[in-house]
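# Overview (structure and organization)
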Amino acid sequence: MTSAADRAIAEKRYDTAMRIAVEGLPPPGRSPVALGWSTREVGGLEAKLAGAAQLSRLQRVLSGHTDAVNSVAISADGTRIVSGSSDRTARVWDARSGELLHALKHEGGVGRVAFSPDGRRVLTTSSSATIGVVRSWDAVSGAPLGEIKIATNVNHITRPLAGVAFGADGTRVLVVKGFGQAQMWDLASGKVVGEFKGKARYVVNAAISSDGTRAIITGMETAQIWDTDNGTLLRELTGHKDYIRAVAFSPDGTQVATGAGDRVARVWETATGKLVGEFPRHDAEVEAVAFSADGSTLVTASADKTVRLWDIASGESLRELRGHADDVTSVAFGSDGRIVSGSLDRTLRIWDVSEGSRPLHHDGPVMAAAFDSTGSRVITASADKTARIWDVASGTMIRELPHNSQVDQATFSPDDTLILTLSENMVRIWDAATGEPRGELRNDSGIFGARFLADGTNTHVVLIFSKHAAIWDARSGTLVRELKNNDGSYGSPAVSADGRRIADRTKDHARVWDTATGALVRDITSPGGTSVWSTALSPDGKRLVTAESSGLARVWNVETGEMLHELNGHTALVSSAAFSPDGLRIVTASNDHTAQIWDAGSGQTLRGIDGHGRGLNTAVFSPDGKRVLTASSDGTARLWDVSLGTTLRGDALVGTVCAQKLIGAQSFTAHDAIDPILVGLAGVNPCRRHGPLSSEYWTDLGHAAAERFKKLIGLNSRS
């Protein structure tokens, strides 16, 4: 099961990976050992479950349609979702609970849906043999408000209504007919009040800007922007090589996005028609596009079964959302950062892409970052010659500490009253409450690392010089103790949480020292002469992690010098490592732009953290272990929620994942069951199957107990 979960994670099918892991884990409330389960296998599956749950942006699956979902929309306040389906219904859903509020019945399949700007009405289109109908509905009660019938049969050829959009005031609607024509209709009178006839023989889709002054209609290879007041064509957008199926204006109307059968999405300036960006990575037709509320992110949906997010300014791919079992036909971006997608697989998926990282910005690379002891503040050090203190809850900067050159390190004292920064051979001590300087330690030969010691003094710091290392008192500036047999090193030292041990590194060596005596406890050489870039000590000082230039990190037993695990997952230099406060997890940061979280006991990877635009310099856990703080050369530090798999394990982990991350998606799908390991499991719900009230639970438990008994008495379980 672990290998199957691994494959699903590699393919970004995170809900599948979660189902596999739940299926493979022992029944709740029972000891794995007592049931004959391999503890390593259980640990591995828990790791995969936690990792997939953290990586998954899926919030909920909405099921109920009995045919393809053709269109979705979210109300402006984010409280309701409407979906249109070939099953002849449009459905209104509560966006938070997923509850079906209304099923709006039609005589034919529902092609397009939309909310009015105030969210009080829903617009739907459906088509029969010769007539297309645009209907408006009360979004709260589900009652029909009116309809417009439009002939769709021209020269004995029928084309369904291809698009619909509300005008800015909610009194007019733009309707796309399939023969080179888009019309503006007045809802109250049911009359045409505007017409846009372009060169395209077959109009595919249309949209209206938020202020109602511009409309765009799309066809074969060309999109046209029109003035809605006087009906004049303003400009044409050319460049696509197929029908332009998808179109959307940005919230402020300054940009427009298009997506086509050529598998490419494009963003254009509305005023000039200038191409802003091209996003070409889908493997099939682009079926839908939408902008985020702030206009900085584009979401695209494709027949390749994926939804993808893009940073418009840089053109960078931000995230790929997988899970639909068929073409994704439609997508909408909510004001709260959630995305809704609809598919030919008859489901809607709600994705939360707002949670995860919160950027803390500098004007240069962020070299280091650290939490205070409460986890309520962080401090960042940057090449922009500043250290900055931030409030974690709001993400706002509390204070800036100016320097004359790049700041390489910054950290709080154990009691949070002082701050230490390292910049240009000088360690500065600051009052954490006021930002006032309290002292400095300078060495013109070089200070390469500095860290507070948790030895009860709150003022002792470890300093790494070019040819020696020592403990100093930060307030008085006096030497406390030299570290014996230390010929200097580079980089920030590591200190154990109990303050009893210090670690540093030099070339291919990592060394551990006793704080009280300054004596060398252990000298560890990296295999193959690989450079050690950074070190980390477990809270009790008994384990050491070396972060290495080869892209590996290694875990060592300090008492024996034995290598316990090799952490293999990065593709470039590992710049830092840190233990979680309970010592059960390790986080590593790398120049490959990612951080990785590992199970410290097994060395297995739990999840990756991906979102920075350049290499990472630091990654550390918060004091409660629920968050990770990363610092990157892209000029940001980011906070990530990593609570699943760190504070929740065992039955609590399974229960939380089933209840919070697999809502509406607990059962194995037919697509899942293609995997040889999962044959026969289509339709099986592993969350329910292993619940203590199910008959399957007791059957499984009985089989496991019988196998265990046979092993105990020496019988062959196959006999």
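All figures in this text were calculated on a predicted structure; none of them were measured in a lab.

One pass over the structure, following the stated rule, counts 30 salt bridges. Residue Arg-554 pairs with Glu-566 through a salt bridge whose shortest N-O separation is 3.3 Å. Of this pair, Arg-554 sits in strand β49 (residues 552–557) while Glu-566 sits in strand β50 (residues 563–568), placing them 12 residues apart in sequence.

The next subject is the nonpolar core. Counting residues in each nonpolar core, the largest one holds 41 residues, and the members touching the most others are Leu-49, Val-299, Val-331 and Ile-339. Those residues in contact with Ile-339 that lie beyond four places of it in its chain are Val-299, Leu-309, Val-331, Ala-332, Phe-333, Arg-349, Ile-350, Trp-351 and Val-353. Counting 26 residues, the second-largest nonpolar core is a separate cluster that includes Ala-47, Phe-371, Ala-595 and Val-628.

Summarising the element assignment, His-570 is placed in the loop between β50 and β51 (574–579). Spatially, the C-alpha atom of His-570 lies 9.6 Å from that of Gly-608, the residues being 38 residues apart in sequence. Of the polar contacts made by the side chain of His-570, one reaches the side chain of Asp-592; its length is 3.1 Å. Reaching out from His-570, the side chain makes a polar contact with the side chain of Thr-594 at a distance of 3.4 Å.

Counting buried residues along strand β21 (residues 265–269), 4 of its 5 residues qualify, which places the element largely inside the surrounding structure. Across 5 bridges, the pairing between strand β20 (residues 255–260) and β21 is antiparallel. Across the sheet, the residue bridging to Gly-259 is Ala-265, located in β21. Taken together, β20 and the strand that follows it, β21, pair antiparallel across an intervening segment of 4 residues, in which Arg-263 is found at a positive phi of about 75°. Note: β21 against strand β22 (residues 275–279), 4 bridges, orientation antiparallel. The residue bridging Ala-265 from the neighbouring strand is Phe-279, located in β22. Hairpin remark: β21 followed by β22, antiparallel, with 5 residues in the connecting loop; positive phi at Gly-273, about 80°.

What follows covers the packing of helix α1 (residues 2–10) against helix α2 (residues 14–24). Orientation of α1 relative to α2, taken along the N-to-C sense of each, is 170°, at an axis distance of 7 Å. Classified by the angle their axes make, α1 and α2 are roughly antiparallel. Where α1 crosses over α2, the handedness of that crossing is left-handed. On α2, the residues touching Ala-4, Ala-5, Ala-8 and Ile-9 of α1 are Tyr-14, Thr-16, Ala-17 and Ile-20. The class makeup of the residues in the contact of α1 with α2 is 7 nonpolar, 1 polar and no charged.

In this section: α2. Counting buried residues in α2 gives 11 out of 11 residues, a clear majority hidden from the surface. Taken together, the buried positions of α2 are occupied by Tyr-14, Asp-15, Thr-16, Ala-17, Met-18, Arg-19, Ile-20, Ala-21, Val-22, Glu-23 and Gly-24.

What the rule picks out here adds up to 1 aromatic pair. Their ring planes at 50° and their centres at 5.5 Å tell us that Phe-279 and Trp-310 sit as a pair that is tilted. With Phe-279 in strand β22 and Trp-310 in strand β25 (residues 306–311), this residue pair connects regions lying 31 residues apart in the sequence. By relative accessible area, Phe-279 is classed as buried at 0%. What makes Trp-310 buried here is its relative accessible area of 1%. The ring centre of Trp-533 lies 5.5 Å from the NZ or CZ of Arg-505, which sits over that ring.

Cut-offs applied
Residues numbered from 1 in each chain as written. Predicted model: local features only at pLDDT ≥ 70, side-chain atom pairs only at ≥ 80, totals over all residues. Heavy atoms only, no water. Salt bridge = Lys/Arg side-chain N within 4 Å of Asp/Glu carboxyl O. Helix = DSSP H or I, 4+ residues; strand = E, 2+ residues; numbered from the N terminus. Core = buried A, V, L, I, M, F, W, Y, C linked by side-chain atoms within 4.5 Å. Buried < 20%, exposed > 50% of the residue type's maximum accessible area, 1.4 Å probe, protein only. Contact = heavy atoms within 4.5 Å. Polar contact = N/O pair within 3.5 Å; in protein donor to acceptor, adjacent residues only side chain to side chain. Pairing = 2+ DSSP bridges. Axes fitted to C-alpha atoms, helices over the stretch in contact; angles between N-to-C directions. Parallel < 35°, antiparallel > 145°, perpendicular 65-115°, else oblique. Left-handed = near helix turned anticlockwise from the far one by under 90°. Nonpolar A, V, L, I, M, F, W, Y, C, P; charged D, E, K, R; others polar. Phe/Tyr/Trp six-rings, centres within 6.5 Å; stacked < 30°, edge-to-face > 60°. Lys NZ or Arg CZ within 6 Å of the ring centre and 35° of its normal.

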